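# Fold and contact review
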Amino acid sequence: MKAFDYVVVNIEGDYANLRRLDEEGNELKLVARALLPDSIAEGTKLHYEYMEYTIVE
């Protein structure tokens, strides 16, 4: 299974827009906040692996 790193670009209600850190494009991934850690904020770095998002310190 592949792993990806993201940064939270913005939070809009029950969803957050994430940008992959290893790609040059400006495409955002819209993810339900229920799938993300509770303590996210704009600028939070996340690691995605095995269908789970974790905060990167």
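Refer to the structure above for everything that follows.
Residues numbered from 1 in each chain as written. Predicted model: local features only at pLDDT ≥ 70, side-chain atom pairs only at ≥ 80, totals over all residues. Heavy atoms only, no water.

## Quick word on the sheet that holds strand S3 (residues 29–32)
Stated precisely, the cut-off is as follows: For two strands to be treated as a pair, DSSP must find at least two bridges joining them. Secondary structure elements are taken from DSSP: a helix is a run of H or I of four residues or more, a strand is a run of E of two residues or more, and numbering for both begins at the N terminus. Here an angle of 0 to 180 degrees is reported between the N-to-C directions of two axes, which are lines fitted to C-alpha atoms, with helices fitted over the stretch in contact.
The antiparallel open sheet is built from 5 strands, whose spatial order is S3-S2-S1-S4-S5. Taken across any chain shown, the strands that pair with only one partner, and hence form the sheet edges, are S3 and strand S5 (52–55). Averaged over all pairs of adjacent strands, the angle between strand axes in this sheet comes to 40 degrees, irrespective of strand direction. Sheet topology places strand S1 (residues 4–12) next to strand S2 (residues 15–20); 6 bridges connect them, and they run antiparallel. Each residue of the ladder has a partner; that of Val 7, found in S2, is Arg 19.

## Side note on the pattern of salt bridges
Going by this rule: We define a salt bridge as a side-chain nitrogen of Lys or Arg found within 4 Å of a carboxyl oxygen belonging to Asp or Glu. To sort residues, take the accessible area from a 1.4 Å probe on protein chains only and compare it with the maximum for the residue type: under 20% means buried, over 50% means exposed, and anything in between is partly exposed.
Counted according to the given criterion, the structure contains 2 salt bridges. One salt bridge connects Asp 22 with Arg 20, and the closest N-O pair in it is separated by 2.8 Å. The exposed category is assigned to Asp 22, whose relative accessible area is 53%. Residues Arg 20 and Glu 23 are paired through a salt bridge, measuring 3.3 Å at the closest nitrogen-oxygen approach. When salt bridges with common partners are traced through the structure, they connect Arg 20, Asp 22 and Glu 23 into a single cluster.

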